[in-house]
Amino acid sequence: GAVVSQHPSRVICKSGTSVKIECRSLDFQATTMFWYRQFPKQSLMLMATSNEGSKATYEQGVEKDKFLINHASLTLSTLTVTSAHPEDSSFYICSAVLTGVPFFGPGTRLTVL
Amino acid sequence: SQELEQSPQSLIVQEGKNLTINCTSSKTLYGLYWYKQKYGEGLIFLMMLQKGGEEKSHEKITAKLDEKKQQSSLHITASQPSHAGIYLCGAVKNAGGTSYGKLTFGQGTILTVHP
């Protein structure tokens, strides 16, 4: 069964608004979670590492003020896309490691109009 | 950074045929994961390989990691339409600690299985 969940599964918003995506580890604690982005017909690209109790670390080229990450508890990380624009439209997927294996959530399809 | 090259980029086979997907790294692989993805969905974990020469099987899928830990292959025996999807290899970016969640992915192999 699924070990990582995401909400919402898809969201459509207007340009300039902010969107929050939740990632939860189910039945296990994850002090670290990971956020990826996938553009159509492309592979996954790591965006940032979410750390419980401390600041997230971002990969090169990812704007930390644009993609706010909060690891509120040992089972929840949130990604907020601030002032979203059409170029932010993408598939966002999170992961958490359980027994050495990164398990991925079902993803969130963001469409910015 | 670690580059992962997958081949082929796409594959169309007839049901019942065997097939192999390759994943080659420019650097030593500390951990290699195989996932399957259907378009617009999350990744389904298939196999994890860590040791040189390691081979694992699950149902009709076998994954291998070569001795030098720079190439992995995924082999499907007697393919079925349910095997269709995008296969991704992912490698640990750095050795040890919390880095196990930080993966670099190949570009994916799109598999189509015709009944």
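Use the structure listed above.
Okay, so let's go over this structure. (Residues numbered from 1 in each chain as written. Chains lettered and ligands numbered in written order. Predicted model: local features only at pLDDT ≥ 70, side-chain atom pairs only at ≥ 80, totals over all residues. Heavy atoms only, no water.)

## Some words on the overall build of chain B
In step 1: Check the secondary structure of chain B and you find 0 helices and 11 strands.
In step 2: Ordering the α and β elements of chain B from the N terminus gives β-β-β-β-β-β-β-β-β-β-β.
In step 3: Dimensions of chain B, computed from the C-alpha atoms along their principal axes, are close to 45 × 30 × 20 Å.
In step 4: Across the 115 residues that make up chain B, the buried fraction comes to 46%.
In step 5: Pairs at least 24 residues apart make up 55% of the contacts formed inside chain B by residues separated by at least 6 positions.
In step 6: Accessible area for chain B stands at about 5,600 Å²; split by element, carbon and sulfur atoms hold 49% of it.
In step 7: Put simply, chain B has 12 plus and 9 minus side-chain charges, and the middle of one group is 3 Å from the middle of the other. (Helix = DSSP H or I, 4+ residues; strand = E, 2+ residues; numbered from the N terminus. Buried < 20%, exposed > 50% of the residue type's maximum accessible area, 1.4 Å probe, protein only. Contact = heavy atoms within 4.5 Å. Areas by Shrake-Rupley, 256 points an atom, 1.4 Å probe, with all protein chains shown as cover. Lys, Arg positive; Asp, Glu negative; His and termini not counted. Charge placed at Lys NZ, Arg CZ, Asp CG, Glu CD.)

## Quick word on the interface of chain B and chain A
Interface size is commonly expressed as the accessible surface area that is lost when the partners come together.
In step 1: Taken together, the contact pairs 20 residues of chain B with 21 residues of chain A.
In step 2: Taken together, the two surfaces of chain B and chain A that pack against each other cover about 1,600 Å², and 60% of this comes from carbon and sulfur.
In step 3: One can count 1 salt bridge joining chain B with chain A.
In step 4: Between A:E59 and B:K102 there is a salt bridge, with the nearest N and O atoms lying 3.6 Å from each other.
In step 5: If you look at where chain B meets chain A, you find 7 residue pairs in polar contact (both at pLDDT 80 or more).
In step 6: Residue assignment for the side of chain B that touches chain A shows that the elements contributing at least two residues are strand 4 (32–37), strand 5 (43–49) and strand 10 (103–105) of chain B.
In step 7: Classifying every residue of the side of chain B that touches chain A gives 10 nonpolar, 7 polar and 3 charged. (Buried area = accessible area lost by both parts, 1.4 Å probe. Salt bridge = Lys/Arg side-chain N within 4 Å of Asp/Glu carboxyl O. Polar contact = N/O pair within 3.5 Å; in protein donor to acceptor, adjacent residues only side chain to side chain. Nonpolar A, V, L, I, M, F, W, Y, C, P; charged D, E, K, R; others polar.)

## Notes on the state of the cysteines
In step 1: This structure, assessed with the given rule, holds 2 disulfides over all chains.
In step 2: Here B:C23 engages in a disulfide with B:C89; their sulfurs sit 2.1 Å apart. Between B:C23 and B:C89 the sulfur-sulfur dihedral comes to about 75°; the bridge is accordingly right-handed. Here B:C23 is found in strand 3 (residues 19–25), whereas its partner B:C89 is found in strand 9 (residues 85–92), with 66 residues between them in sequence. With respect to burial, B:C23 and B:C89 carry one shared label: buried.
In step 3: A:C13 forms no disulfide, and the closest cysteine sulfur to it belongs to A:C94, at a distance of 18 Å. (Disulfide = S-S within 2.5 Å.)

## Thoughts on the sheet that holds strand 8 (residues 76–81) of chain A
Residues and elements named next belong to chain A.
In step 1: The 4 strands are arranged 1-3-8-7 in an open sheet whose pairing can be described as antiparallel. Two strands close off the open sheet at either side, each with one partner strand: strand 1 (4–7) and strand 7 (67–73). Taken over all neighbouring pairs, the strand axes of this sheet differ in orientation by 20° on average, direction set aside.
In step 2: Sheet topology places strand 7 next to strand 8; 5 bridges connect them, and they run antiparallel. In the sheet register, S73 faces strand 8, and the bridge partner there is L76. (Pairing = 2+ DSSP bridges. Axes fitted to C-alpha atoms, helices over the stretch in contact; angles between N-to-C directions.)

## Observations regarding the pairing of strand 11 (residues 108–112) of chain A
Residues and elements named next belong to chain A.
In step 1: Within strand 11, 4 of the 5 residues are buried, which leaves it mostly tucked inside the rest of the structure.
In step 2: Relative to strand 11, strand 2 (residues 10–13) runs parallel, the two being bridged by 4 bridges. Paired with V11 across the two strands is L110, which belongs to strand 11.

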